[in-house]
Every structure is written in C-alpha cells, then in structure tokens.
Amino acid sequence: MATIIEAAPKTADAAPAVPEIGDEYDMIIVGAGPAGLMAATCLTTYGFSVLHIDDRPEPTTAGRADGIQPRTIEVLRNIGGVKLDNSPGFLASGKPAFGGAGLAKRMISQGVRVYEVAFCKSPFAEIEVTSRAPSCPTDIIDVQDPYTLLLHQGMIEHSFLDEIEARRRRLPADKLKPAPLGGVTRPFLFETCSHDPSTNATYPVSATFAHAETKKNHVVRAKYLLGCDGAKSLVRRAMAGGAVGDGEWSGSIRMLGEASDIVWGVMDVVVKTNFPDIMSKCLIHSKDAGSIMVIPRENGLCRLYVQLKAEETEKDGAATHYGRDATQEICIMRAKKILEPFELEIGYVDWFSVYQIGQRISSHYMMEDQRIILGGDATHTHSPKAGQGMNISMLDMYSLCWKINLVEKSMADHSVLIPTYETERRGIAEALLKFDTEYSKLFSGRSPDATQLTSDVTKAKSVGAVDAQRFIDAFKSNAFFTSGCGAVYGANILNALPDAELVKSFAKKNVFNPAGNKLIAGQRLLPGLVTRAVDANRVRLQQEIKMNGAFRIHVFAGDYQTSKPALAAFEKFITAPTSFHNVHRPAAGVSSSIVDGTGSTGRHLETAKPTIERNPFFTYLTVFSTKHTEWEIEDLPYSLRSYRDNVYSDDCFDQRVAAQGTNAPVHFKYGVDTKVGSIIAVRPDGYVGAVVELSTDGFEALNQYFAGFLTGAK
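So, how was this worked out
- Residues numbered from 1 in each chain as written.
- Predicted model: local features only at pLDDT ≥ 70, side-chain atom pairs only at ≥ 80, totals over all residues.
- Heavy atoms only, no water.
- Phe/Tyr/Trp six-rings, centres within 6.5 Å; stacked < 30°, edge-to-face > 60°.
- Helix = DSSP H or I, 4+ residues; strand = E, 2+ residues; numbered from the N terminus.
- Buried < 20%, exposed > 50% of the residue type's maximum accessible area, 1.4 Å probe, protein only.
- Contact = heavy atoms within 4.5 Å.
- Pairing = 2+ DSSP bridges.
- Axes fitted to C-alpha atoms, helices over the stretch in contact; angles between N-to-C directions.
- Salt bridge = Lys/Arg side-chain N within 4 Å of Asp/Glu carboxyl O.
- Expected span 1.5 Å × (residues − 1).

J.: Just checking my understanding: could you explain the packing of aromatic side chains for this structure?
T.: Aromatic ring pairs are described here by two measures, namely the spacing of the ring centres and the angle between the planes. Applying the stated criterion to the full structure yields 28 aromatic pairs. Arranged with centres 5.2 Å apart and planes meeting at 80°, the rings of Phe551 and Phe706 form a pair that is edge-to-face. Remark: Phe706 occurs in helix α19 (residues 696-707) and Phe551 occurs in strand β24 (residues 551-558); sequence separation between them is 155 residues. Phe706 matches Phe551 in its accessibility class, with the two residues each being buried. Arranged with centres 6.0 Å apart and planes meeting at 20°, the rings of Tyr560 and Trp631 form a pair that is stacked.

J.: Would you explain the environment of Leu43 in this entry?
T.: Examined against the element boundaries, Leu43 turns out to sit in helix α1 (residues 34-45). Given a relative accessible area of 0%, Leu43 falls into the buried group. The spatial distance from the C-alpha of Leu43 to the C-alpha of Asp26 is 9.3 Å, given a sequence separation of 17 residues. Those residues in contact with Leu43, other than ones at most four positions away along the chain, are Met27, Ile29, Phe48, Val50, Leu226, Cys401 and Ile404.

J.: So what exactly am I meant to see when it comes to the sheet that holds strand β13 (residues 255-273) here?
T.: Two pairing modes exist for strands in a sheet, parallel and antiparallel, and in both the strands are linked by backbone hydrogen bonds. What the eight strands build is an open sheet, ordered β7-β6-β14-β15-β16-β13-β19-β21; its pairing is mixed. In this open sheet, the two strands that pair with only one neighbour each are β7 (128-134) and β21 (380-381). Pairing between strand β14 (residues 281-285) and strand β15 (residues 291-296): four bridges, direction antiparallel. Each bridged residue has a counterpart across the sheet, and for His285 the counterpart in β15 is Ser291. Along the sheet face, helix α9 (residues 419-443) touches β13, β14, β15, β16 (302-307), β19 (344-362) and β21 and points at about 125° away from the line of β19.

J.: Quick question: what am I supposed to make of the pattern of salt bridges here?
T.: Pairs can form between side chains of opposite charge once their charged atoms are near each other. Counting across every chain of the model gives 37 salt bridges. Taking the shortest distance from any N to any O, the salt bridge between Asp26 and Lys175 comes out at 2.9 Å. Remark: Lys175 occurs in the loop between α4 (153-168) and β9 (184-185) and Asp26 occurs in strand β2 (residues 24-30); sequence separation between them is 149 residues. The same class applies to Asp26 and to Lys175, which are both buried. Lys337 serves as the salt-bridge partner of Glu340, at 3.6 Å between the closest nitrogen and oxygen.

J.: Whenever I open this one, α4 confuses me. Can you help?
T.: Quick reminder: α-helices carry 3.6 residues per turn. Residues three or four places apart thus point the same way. The end-to-end C-alpha distance of α4, which contains 16 residues, comes to 22 Å, matching closely the 22 Å that a straight helix rising 1.5 Å per residue would cover. Most of α4 sits inside the fold, with 14 of its 16 residues counted as buried.

Right under this line is the structure:
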C-alpha cells in the first residue's frame, strides 16, 4: 500500500519556458545548494541519470555560506575534474570545469585563504588583540591545505555546475537525460512524493513538481529521492506528514533542539576602516556592545557577523536583542558601535541577512523504505559562524552516494548498507551541535552593564557575560573537529575498530589493527607523499585514486626483498575464486563509475598472460620502503604489477616525521613495520575501513571484512 506524503508548494518568481522532464530517472535531487550539487556530482560520476530541481530561478548570486574547511578541500581535490572531451590532446573550447583541473583548484584560485585567526576584546576603551591562532594548527592536524577557503556560495555552486556538465557528457546515452547546463532544472516547486514498490518495483518513488510560472505539474518516478532543500525542507515536511508548527515542520519526523533569543546580522560589504586587522579573520568581544566577527572575502569584500544587541538591558543586567526583523541600518549601526573607537565606513552592501541562533537535528534522516532520504540543512541547523554547515552538508551527500552506488550496482544489500548513512552522519551532526552550542554561547555572551563586568565577574558571567579566554580555548581545542578532519565514525560493519563485532569475533588476535598500527578505522587516511615508480614523480598517496566508487587496497609491503614471500602469497590469495576480489564482483559490463580514477594512461602493453580479471570496485596500490631504483615493477606479481601506475616507493621527506628522513616516513606515520607490512582497506570516501597484517591471516580478515557488507552479482 502506498504511503502518500505531501507538502504545500513554495512560491517563486516567474521563469521562462518549461524545461523538458522525463518520466523515469535513477535519482531525484530536490535543492541545488552545495549539498544537492555534491550529490549530483557524485551520482553523475557513478553513472546514474539524475533529475535535479531547484525552486530558485538561478544559482546564488551573493552571500550565504562562504567557508570551505581543509577536509572539504581534500574531498574536492579527490573528486578531481574531467574534460568535456576525453580525446588525447583535446582542448575544450567550451571552457570545461577549469580545464579539467577540477573543483578544488578552481575554488582555490577564486577564494581567499585564511591561515590565522585573531582574538580581540576591549576590556576598557580600546580593542586589543589578546591572542592569535592558526586556522588549522598543523601540529595536531595533518592536511595538505591548512587553511579555511572563503568565497561566496554562488561561486561554489557555479564550480559544481560546470563540473557536473562535464561529467554528464560522459554518461552513456540511456542515462543522459535532457537538462539545462549543469543539470539543474529550475524553477520547479516540490509538491508531493510517495513510495510504492507494488506499482513499480524498479522505480518505487513517485514525485510531483510544479513549474513556478506555468504551475504545470510533472509526475516523475525514480529509485531514490534526496531532500537537500534546506532548513525549512518541504521534503522533510512531506516525509513527516505533519502540519506547520512553530516555524519548523512537525509530525513523524521532527527537528529536535532549541532556538535562543540571540539574533545576529550578517553582511558582505566593502569597508573603509582604521581597524588594523581588517584583512584578518577576527573574533572581537567588545566591552558592553556585543561581539563581531570579521572575515576577509574575495573581490575586496568583507563579511561581518554582528551581534544585534540592543542598548537596553534587563533588570538583572542581561542584554536584550533586536528581533529577526532588524534592518540593514541597525546591523551597520551595531557594527560601528562594537568596533569603537575605530572608525568604520560601509560602502557597497553585497548581501545582508538576519538569523536567530539555534541548534536542531532531524529525528530521522529517512523513512523505513530508505528510498526518500534527507541531507544537509534539512537534517541539522546551527549557527553559521563556525563555518561548518555547508561543509558537513556536502560531506553528508559524499558519504551517502557511494553507498547508493554499491547497492544499485548489486554490490551490497540495501537494508545492510544504506542505514549506515544515518548512523555515521548523525554522529557527526550531534558532535557539531554540541560544539556549536558552546561556541555560540561564548561568542554571543550577553554582556551585562559595565559595573557588573568590573566589580563582580562571577555575577557577570552568571547572567551571560563574555568569557573571552574560555572562548579562545574552545576555538583552539575544537580545531581538529572544525577542520573536518575530526569527523570520525564509530565501530560498525564498515569500520573494523577493536570494538567492532567482526574484530572481537575474529579467530586470531592482532590480525586486525596489528601491533604498532597508528591508523584508525573510521577516520580519514592520513596524507602521505611517495614516489610513483613509473615516472619518479612525487605524489600524494591519498589523492592518487580519484573518486570512482571503488575501495582502495593499499598494500604496504615494506622492504622489497623481505616482502617477496608475502606478496607471492597475496597473489595466490587474490587470484583464487574465494577471494573478496572475485566473490564480490559486479555483473559483466557494470562499472563503478564513468571515470577510471586510477590515473592509468593505458599505454603499457602487458605481454604476460593475466592471472586475474580486474574488478572495478577494487583498486590496488603497492608501497615499498625500498627506493624504486632498487627494484623493477616487472618483477612484481601480476595482480599488483597490472596496476603499474599505482606502485610507489616511500622515500619522500615528511616534516611530521622528520626524524625518519627519507627512510620510509609514511610506513612510520601509519605504524607499518617495514619487515612485516600491512594492508590498508580504504573506503570509497577516503576513510580507513580496516588495517590487517600482510599475511594469510590478514587475507582471511579482509575476506570477512568485505563479506560483512558486500554481495556481488548473483
């Protein structure tokens, strides 16, 4: 029996001719902000047909989210870029996604990098810098890009749209459906959706949309519908089946949490000022006028987050705030007041908005059918000042889409794998809300009057006064999380941590997570610089396999001569019909994605008889501690030699393990004994799934690990 879920349509500006819409798609995505565009990028890369709708007539033109954190940059680098034409030597006249260089390079070229944050306060009349801290402290966070990248959301959206268009043109004919440039059909308003496999088992989701101008309805069938339509998600309300409540939707899915009475204004402006740190990211607590955050932006803009504290105070000394109807003029007035005695002139205002601080999370990310799924701001809302919302929203979809890919390619069971999306990403959202609650309260400290601040600090703090030092400490202590690198997952079928059921029940101890191992399942693979043997280029190991939906099997072999018996045993294992490589195999002709991802040139002519057929869902990388000049690729077992572009020597200096020099620093960083070796199974999203011995016991451990969630063509 079908479950019908409905939502009232939003209104939108008129639009020109109605774009063509088909009857059936693999995926429907509602919302074309960063989360929806990340989903479209991934799903297009994995070869699915996508109907992507948005209720806005055009992409964001100014403002909104603007901060990209180091882990997100790392992901954007891994997505890479494709050219409009894959012919050798082809130069696309249509200017593809930054010449095929990809999302990260395009955004980095357009944005502003913030390496340092200044903390300021005005205990008396003057504002003074009390502390400075790195935006991403490299002593505790191992990243390639140790900064926050700042550019407005519209530029981010256009980068995605160009990349999606380039990838759409790689789709096979039956998956390339008509759509405007970038694949987003707009302006269309979400109306209703239902899940009913009894009427169409292949496309069990039905959705109805109305064109904003003509009001004509379109009913479309799909395998999945992803609701990426923001904090006031109509998809969420439709799933919940509820009525309008207290500004949030209610029903079987609710937004849990609370909102404060603290209101902030945000504006992107051109300024003139004698405040000396205007080109730095500054967090400023004034004596009694409230707080302000200053963020440098692209094209000479400056973003100001302004606490809209009113002059009047309550009887107990606590501050009052303007409401959400506060005007741009009030915001400018408060900004000038907070920055006194410095002068502030506001010129051009590119964007202005007001928001109320609150932290909420959806009670469910999906219904029991697990076919209509929420992501991004539709599942969690919070203050924008920590620069987390857009990042976590994009990574929600990055985490979900590779799992959908495995299920839809018959490589995994839907009921086993899809639920891990909510369990893993909910944990990250809950950690974000906990951090944001503390961070926002400290930054929005509702300063009591001057006498309370100077004569009775304890009483002042009890009514909400700013504790500047505690705020600084909170910022620094949470840097690992806010960089995105601290988004870690617990033990489950995908993460073979010591307390995972698989690891606890495995026949032999210390085969998973062997002695000395420093990598942690459920966390991102740490960066490592290595020498690629085929061309002696120094490359970043974590970026060698671009996003292609495949698991990356890193064989850290250690010393070349010592590893020969273990690699011979691996060859025997991996070529056997009982190995995970052969058991979990897709149907003939099914690929993991429309891009290879391995960087293989295909120019090598292999004369030996193949001992193994490639499986598109597993890619192998081999790393030796011995310099590449002391061994030959041709002498490796075929199963590893056939991935010749992914064979490396670990001989590049790494400042984080400087004492190692060029003597296998990545082995040392990862905790791999060069006399023993290890195998590191990395998930398609770059997270470590399992670390095992390079031994027959380790091979069996890998078999059991993959059997926990993969199936394969029947």
